[in-house]
Amino acid sequence: MILRTNNCRLCDQDIKSIISFGKMPIANGFIDKKDLDSEYFYNLEVAFCTNCSLFQLIEMPDPKILFNQNYAYHSGQSKFMQSHFKDIAKMLINKYNLKINQFCVEIGNNDGGIVEYLNELGYNHLGVDPSTNVYNIAKSKGINVLNDYFSFDVAKKISKDYKKADFILAANALSHIPDLQSVFSGIENLLSDDGIFITEDPYLIDILKKISYDQIYDEHVYIFSLTSMQNICSKFGLELFDVEHTNSAGGSLRCFIAKKGAYNKTNNYNFFFDYENKLNLLNNKIYVDFNRSCKKSKEELLKLLKSLTNKNKTICGYSASAKNTTIYNYCGIGTEYIKFLTDTTPIKQNKLSPGMHIPIYDYKYFNENLPDYCFLGAWNLKEEILNKEKNNFSTKGKWISHVPHVHILNDTL
Ligand code: DWN
Ligand code: SAH
């Protein structure tokens, strides 16, 4: 089932498509050859609400098609994400003086998440994730988990079965939940009177500036800014009082949210508020320019791949990230340019990439078939990957990245 709207999911105002990336398969829909006939497609189009400034998808598949027993993204594959989650757990302990008997709930903790570290340190916690395969991994680590979609009903159940939450946490999860009414009224219900909800997702301004249009895909139904997040909060008796910019997911906005009036707004909040106001995110020209830049990025990437292929250079994609589904399908990049993708996640291996059907192999295969060039699909993990490859692929081949513009890394660093 496809969920389509012509009205803003927050304020119901009419919205119009501002950018169309065309027909798209499920971003994490890595597929077996035998299932190709039933591959699922939707239209990837984004809109910007001129009333509440929420950047959102017009069409998306039902979340049940995306998040289930076969969810292909496993956070545990990245050391960077592990240390990022550990740092958030440390922040709760050091900055907020987290007590053992306080209760932390994480939305979308995947195969571990922040609650993995809270569990290791003996703190009271609960993770909520609907994707059964990653839930099972988290459970096998001894983490307290609930296999469900966070919603108003689930929040009420948690309040009843456990207690009100002192902290609710979410990393790259809120942007994945289309029903704002259910999720935010759930958060308001579950949060204790002085509780804090800490959530981070890819930041709209980073995406616009880095032309990282690949962050736009079915799971990211929203791309938040401080302005849109504050508008959402104000509808549900909540208030955004502090923000931080983090380098996770290619540049994210971490929002600190509480019941209205519970905390004073910080200098950081005021700084970002002024910054966004100066950028004037309601100006349509920003999105017209972004659309033009996406088209230019596509043309330049195709030009580079064509020219390398004409010189008989071999190219592979390093990682089969969800972001790459948007790039490969929007640009029309298949095996004529990229021979294979390599990814460490077992569930993605020996499958085909969504839509363009590039084969995906494990790290052993990559090592035995080192190409001349690697497209850095997980550019957000550039430091981790380049460090891992410094005595291996990087000694023999070159990296291609499209962020913030199409370039060959070793030629420009
Ligand atoms: O928001 C989301 C983010 C947090 O994760 C989800 N909607 C889905 C997912 O997005 P993604 O797939 O674009 O995430 P990454 O972090 O760019 O994916 C990295 C991929 O690279 C993973 O499949 C693991 C793989 N990998 C690898 O093959 N070798 C990663 C490292 C570090 C490596 O050395
Ligand atoms: N927090 C992890 C995982 C991000 S992927 C990280 O930052 O790496 C998004 C996760 O959100 C998936 O594990 C998915 O199953 C989960 N998710 C999607 N909808 C959800 C919902 N309604 N409630 C809780 N989790 C949800």
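Residues numbered from 1 in each chain as written. Chains lettered and ligands numbered in written order. Predicted model: local features only at pLDDT ≥ 70, side-chain atom pairs only at ≥ 80, totals over all residues. Heavy atoms only, no water.

Hey, could you run me through the domain arrangement of the protein in this one?
Much of the literature gives interface size as the accessible area that the parts lose upon coming together. For the protein, the assigned domains are domain 1 (75-282) and domain 2 (285-408). On a C-alpha basis, the centres of domain 1 and domain 2 stand 30 Å from each other. Between domain 1 and domain 2, the residue contacts involve 21 residues of the former and 23 residues of the latter. Between domain 1 and domain 2 lies a buried interface of about 2,000 Å² when both sides are counted; carbon and sulfur atoms form 65% of it. There are zero salt bridges connecting domain 1 and domain 2. (Domains from an automatic or database assignment. Contact = heavy atoms within 4.5 Å. Buried area = accessible area lost by both parts, 1.4 Å probe. Salt bridge = Lys/Arg side-chain N within 4 Å of Asp/Glu carboxyl O.)

Help me out: how do you make sense of the sheet that holds strand 9 (residues 165-171) in this one?
Sheet strands line up and pair through hydrogen bonds in the backbone, either parallel or antiparallel. Ordered in space as 8-7-6-9-10-13-12, the seven strands form an open sheet in which the pairing is mixed. Looking at strand neighbours, the two that pair on one side only are strand 8 (145-146) and strand 12 (238-246), the edges of this open sheet. Of the strand pairs in this sheet, strand 10 (residues 191-202) and strand 13 (residues 252-259) are connected by six bridges, and their pairing is antiparallel. Its bridge partner being in strand 13, Ile198 is matched across the sheet by Phe256. Taken strand by strand, helix 9 (residues 267-279) contacts strand 12 and strand 13, and its axis lies near 80 degrees from that of strand 12. (Pairing = 2+ DSSP bridges. Helix = DSSP H or I, 4+ residues; strand = E, 2+ residues; numbered from the N terminus. Axes fitted to C-alpha atoms, helices over the stretch in contact; angles between N-to-C directions.)

Looking at this structure, how should I read the pattern of salt bridges?
Between side chains of opposite charge, a pair can form as their charged atoms come close. For the structure on display, the rule yields 21 salt bridges. In this structure, Glu200 engages Arg254 in a salt bridge whose closest nitrogen and oxygen atoms are separated by 2.7 Å. Placement of the pair is Glu200 in strand 10 and Arg254 in strand 13, with a sequence separation of 54 residues. The class of Glu200 is buried, set by a relative accessible area of 2%. Take Arg254: its relative accessible area is 7%, and that puts it in the buried class. Each of Lys95, Glu200, Asp242, Glu244 and Arg254 takes part in a single network of salt bridges with overlapping partners. (Buried < 20%, exposed > 50% of the residue type's maximum accessible area, 1.4 Å probe, protein only.)

Explain the nonpolar core here, please?
The tendency in soluble globular proteins is for nonpolar side chains to be buried side by side. Formed by 98 residues in total, the largest nonpolar core has its most connected members in Phe21, Phe184, Met229, Ile333 and Ile400. Here the element with the most residues in this core is helix 10 (residues 284-310); it accounts for eight residues. Setting aside residues no more than four positions away along its own chain, Met229 makes contact with Leu174, Phe184, Thr199, Phe224, Leu240, Cys255 and Ile257. Ala89, Leu92, Val115 and Leu118 belong to the second largest nonpolar core, which has 25 residues in total. (Core = buried A, V, L, I, M, F, W, Y, C linked by side-chain atoms within 4.5 Å.)

I keep staring at empty space enclosed by the protein and nothing clicks. Help me out?
Empty pockets left among the atoms are what a rolling probe the size of a water molecule brings to light. Applying the stated criterion across every chain, the model contains one cavity of 30 Å³ or more. By volume, the largest cavity is sized at about 40 Å³. In terms of lining residues, the largest cavity is bounded by Ile88, Ile114, Leu169, Ala170, Ala171, Ile198, Thr199, Glu200 and Arg254. Contributions of two or more residues to the lining of the largest cavity are made by strand 9 and strand 10. (1 Å grid on protein atoms, 1.4 Å probe; cavity = no way out; pocket = protein on both sides within 12 Å on 5 of 7 lines; lining within 4 Å. Points joined across faces, edges and corners; volume = space filled by probe spheres on them.)

I tried to follow the packing of aromatic side chains on my own but got confused; where do I start?
In the structure shown here, the tally under the stated rule is 27 aromatic pairs. Relative to Tyr330, the ring of Phe21 lies with its centre 5.1 Å away and its plane at 75 degrees, an arrangement referred to as edge-to-face. With Phe21 in strand 2 (residues 17-25) and Tyr330 in helix 11 (residues 322-331), this pair connects stretches of sequence that are 309 residues apart. Both residues of the pair, Phe21 and Tyr330, belong to the buried class. On the numbers, 5.0 Å between centres and 80 degrees between planes, the contact of Phe393 with Trp399 is edge-to-face. With respect to class, Phe393 is no different from Trp399; both count as buried. (Phe/Tyr/Trp six-rings, centres within 6.5 Å; stacked < 30°, edge-to-face > 60°.)

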